[in-house]
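Examining the three-dimensional arrangement
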Amino acid sequence: MLGVLVYNASDVQGRTSTAKLSDVDVIAVALFLTSVVPLLLGLSLAGSLYRWSDWQVIVPIASGGFFLLLLIGKEVIPFGDRLPFRSGGASTKPLLGLKLLRGLHGVTTFGGALFLGILVSRLPDLTDTLPDRVQMYGLLFFLPIYYMVIKEHSALATGLFLLPQTLMMAPCAGVVLVLVRVFSLSHHWTVLLSWLCTTCGIGLLALLGADRSATSDVLLNLLSGFGIGALLPALALSARDCTKHTDTREAPMVLLFMRYLGSASGLVIVGLVFQRVLRHNLGSTKFWNEADEMTKYATTLMYSIREMSTSQDKQILIGATEKTLRTIWLALATGSFVALLLNCIIAVKSLRQTRSSRNEAPRPITEDASQRPPVLETADLELDYLRVKEGYLKAYL
């Protein structure tokens, strides 16, 4: 994927395929693969197959972190020309564009894209049990678990209940473009509005429960769908301000990369949090002795609960799952609230800069008094004229 992005970004007219392929930084791609893959592998194995203190978890995480530090240093520090195995005509542009993350604006924009990737990502373990024509996505993580396990809906009904999330994205993106293009609203305020709707919408998901009606489920999902749909174009517009002195094609690449990175890492990180919270909730029930073994494969446990017959044990497991999902949504709402606060700071700074630029009046051009030519008064001119005339009269007489 990284090679395709770099290859397409260097699509300059008149360049051959060999010249464009020389722009691919092989060392940076190798460092990226040897850093992200071990990190995700170690996090996915921790707590399920191995303990956190086992070497099967420590070695991948430590090696991935080391190569990640090397990649960050290579991207930020301009020493790429002195590295070996580099073509003499290769481009010196960084692979990931981490220099765009400098400053609060860059960190907030591209960090928001990373968090957005965490919110909208595919949930493969449960979707594999669905029919081939039904594409289920883990919007806001584990919403399908709520509908299929807690509410005991079918796969088709679950897809219908997710329509408030999926169908709201395209119209909301159009609303943001209309606000910016037609009404000349600053993109800072559109990003702020999007994060506000996303934070409140995810917080409302914590009100979902087994006793809620279908109408309540749909209404509680609308606001989060609007916020996520508005974030997609709002973050893209905000990313343009980070490329004032760089290539304009670099910002969309970094934005897209951060979204995919959030989708890949979010499934592992938030899934790990879900597993640990579920284990903690089961520890206070009759299954406390079996909590560690039951939560090793959390998604398999969810499928088993769905297939269980109605009993007291099933109600206990459903209650623990519902409590766990509520904790996950509150944690995601907290992350969205942090992004909202950072964007509030950026919006206030932008407003102050706009006001200060409007209040600055042009300074009048002043002349140096010493450089002005001497100005004679009218009385002095008349006196000199009378003296000259008197002198002529005396000489004549």
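Cut-offs applied
- Throughout, residues of each chain are indexed from 1 in the direction in which the sequence is written.
- Confidence filtering applies because this is a predicted model: local features only for residues at pLDDT of at least 70, side-chain atom pairs given and counted only at 80 or more, and all residues used for totals across whole chains, interfaces and linings.
- Just so you know, side-chain values use all the structure's heavy atoms and leave hydrogens and water out.
- Put simply, DSSP H or I for four residues or longer makes a helix, DSSP E for two residues or longer makes a strand, and each gets a number counted from the N terminus.
- Each residue is assigned to one of three classes by its accessible area relative to the maximum for its type, calculated with a 1.4 Å probe on protein chains only: buried under 20%, partly exposed between the two thresholds, exposed over 50%.
- In this analysis, two residues are considered to be in contact whenever any of their non-hydrogen atoms come within 4.5 Å of each other.
- Here an axis means a line fitted to C-alpha atoms, over the contact stretch when the element is a helix, while the angle between two N-to-C directions is reported on a 0 to 180 degree scale.
- Roughly parallel refers to an angle under 35 degrees, roughly antiparallel to one over 145, roughly perpendicular to one between 65 and 115, and oblique to any angle outside these ranges.
- Note on convention: the crossing is left-handed when the near helix lies turned anticlockwise from the far helix by less than a right angle, right-handed when the turn is clockwise.
- Each residue is assigned to one class: nonpolar for Ala, Val, Leu, Ile, Met, Phe, Trp, Tyr, Cys and Pro, charged for Asp, Glu, Lys and Arg, and polar for all the others, Gly among them.
- Whether two aromatic rings pair depends on their centres lying within 6.5 Å, for rings of Phe, Tyr and Trp, where Trp uses its six-membered ring; planes under 30 degrees apart make the pair stacked, over 60 edge-to-face, and the rest tilted.
- Geometrically, a lysine NZ or arginine CZ counts as sitting over a ring once it is within 6 Å of the ring centre and also within 35 degrees of the ring normal.
- Each residue after the first adds 1.5 Å to the expected span of a helix.
- The arc in question is traced by the directions running from the helix axis to the C-beta atoms.
- Put simply, a nonpolar core is a bunch of buried Ala, Val, Leu, Ile, Met, Phe, Trp, Tyr and Cys residues held in one set by side-chain atoms that sit within 4.5 Å of each other.
- What counts as a salt bridge is simple: a side-chain nitrogen of Lys or Arg found within 4 Å of a carboxyl oxygen of Asp or Glu.
- Distance thresholds for patches are 9 Å for like charges and 5 Å for nonpolar side chains (Val, Leu, Ile, Met, Phe, Trp, Tyr), applied to residues having over 30% relative accessible area and no salt bridge.
- Each accessible area is a Shrake-Rupley estimate made with a 1.4 Å probe; only the visible protein chains count as cover when residues are assessed.
- Confidence scores labelled pLDDT are given residue by residue by the predictor and lie between 0 and 100.

Per the secondary structure count, the protein chain includes 17 helices and zero strands. Within the protein chain, buried positions represent 40% of all 397 residues. Contacts spanning at least 24 positions in sequence make up 71% of the contacts within the protein chain whose residues lie at least 6 apart.

This part takes up unusual backbone geometry. Notably, Glu 152 is not glycine yet its phi reads approximately 60°, a positive angle. Summarising the element assignment, Glu 152 is placed in the loop between helix 7 (143-150) and helix 8 (155-161). Residue Glu 152 is classed as partly exposed on the basis of its relative accessible area, which comes to 44%. Unlike most non-glycine residues, Ser 184 shows phi in positive territory, near 55°. Position of Ser 184 among the secondary structure elements: in the loop between helix 10 (169-181) and helix 11 (187-205).

Relative to each other, helix 10 and helix 12 (residues 214-239) sit at 45°, their axes nearing to 7 Å. The orientation of helix 10 with respect to helix 12, classified from their angle, is oblique. Viewed along their axes, helix 10 and helix 12 form a crossing whose handedness is right-handed. The residues of helix 12 that touch helix 10, namely those facing Met 169, Cys 172, Ala 173, Val 176, Leu 177, Val 180 and Arg 181, are Phe 226, Ile 228, Gly 229, Ala 230, Pro 233, Ala 234 and Leu 237. In terms of residue class, the contact of helix 10 with helix 12 is built from 12 nonpolar, one polar and one charged.

The next point concerns the side chain of Ser 336. By the secondary structure assignment, Ser 336 is in helix 16 (residues 312-359). Those residues in contact with Ser 336 that lie beyond four places of it in its chain are Phe 115, Leu 119, Trp 195, Thr 198, Thr 199 and Ile 202.

This structure, assessed with the given rule, holds six aromatic pairs. Seen in terms of ring centroids, Phe 66 and Phe 67 are 5.5 Å apart; in terms of plane orientation they differ by 65°. Their pairing is edge-to-face. Judged by its relative accessible area of 47%, Phe 66 is partly exposed. A relative accessible area of 28% places Phe 67 in the partly exposed class. Cluster of aromatic residues (ring-pair linked, three or more members): Tyr 146, Tyr 147, Phe 161 and Trp 329. Cation over ring: Lys 286 sits above Phe 287, and NZ or CZ is 5.8 Å from the ring centre.

One can find Glu 322 in helix 16. On the basis of relative accessible area, Glu 322 is assigned to the buried category, the value being 17%. Leaving out residues up to four positions away in the same chain, Glu 322 has contacts with Ile 150, Leu 208, Gly 209 and Ala 210.

This brings us to helix 10. Taking 1.5 Å as the rise per residue, helix 10 with 13 residues should run 18 Å; its terminal C-alpha atoms sit 18 Å apart, in good agreement. Of the residues making up helix 10, those classed as buried are Met 169, Cys 172, Val 176 and Val 180. The arc that holds the buried residues of helix 10, viewed along the axis, is 80°, so those residues lie on one side. Of the exposed residues in helix 10, the ones pointing more than 90 degrees away from its buried face are Ala 170 and Arg 181. Those residues of helix 10 that are buried are in contact with helix 9 (163-166), helix 11 and helix 12.

On to the nonpolar core, then. Core analysis: the largest hydrophobic core is formed by 67 residues, its most contacted members being Phe 110, Phe 274 and Trp 329. Per-element accounting of this core gives the leading share, 11 residues, to helix 16. What Phe 110 contacts, discounting residues up to four positions off in sequence, is Leu 100, Leu 101, Ala 239, Cys 242, Ala 251, Val 254, Leu 255 and Met 258.

What follows deals with the pattern of salt bridges. Applying the stated criterion across every chain yields a total of six salt bridges. Lys 151 serves as the salt-bridge partner of Asp 217, at 2.7 Å between the closest nitrogen and oxygen. Placement of Asp 217 in helix 12 and of Lys 151 in the loop between helix 7 and helix 8 is noted, with a sequence separation of 66 residues between them. The burial state of Asp 217 is the same as that of Lys 151; both residues are buried. The residue Glu 322 makes a salt bridge to Arg 326 at a minimum N-O spacing of 3.1 Å. Separated by four residues within a single helix, Glu 322 and Arg 326 lie in helix 16, roughly one turn from each other.

With that settled, the discussion passes to a nonpolar patch on the surface. Nonpolar side chains collect at one region of the surface, where Leu 156, Leu 160, Leu 163 and Leu 167 lie side by side and expose about 410 Å² of accessible area between them. You can see Leu 167 is positioned in the loop between helix 9 and helix 10. Looking at Leu 167, the relative accessible area reads 55%, which means it is exposed.

Time to look at the confidence of the model for the protein chain. The share of residues in the protein chain with pLDDT of 70 or more is 71%, and the mean pLDDT across the chain is 76. No element of the protein chain has a lower mean pLDDT than helix 6 (residues 124-127), at 44, and none a higher one than helix 11, at 91. pLDDT under 50 marks residues 80-91. Its contacts with residues more than four places away, or in other chains, come to 15 contacts.

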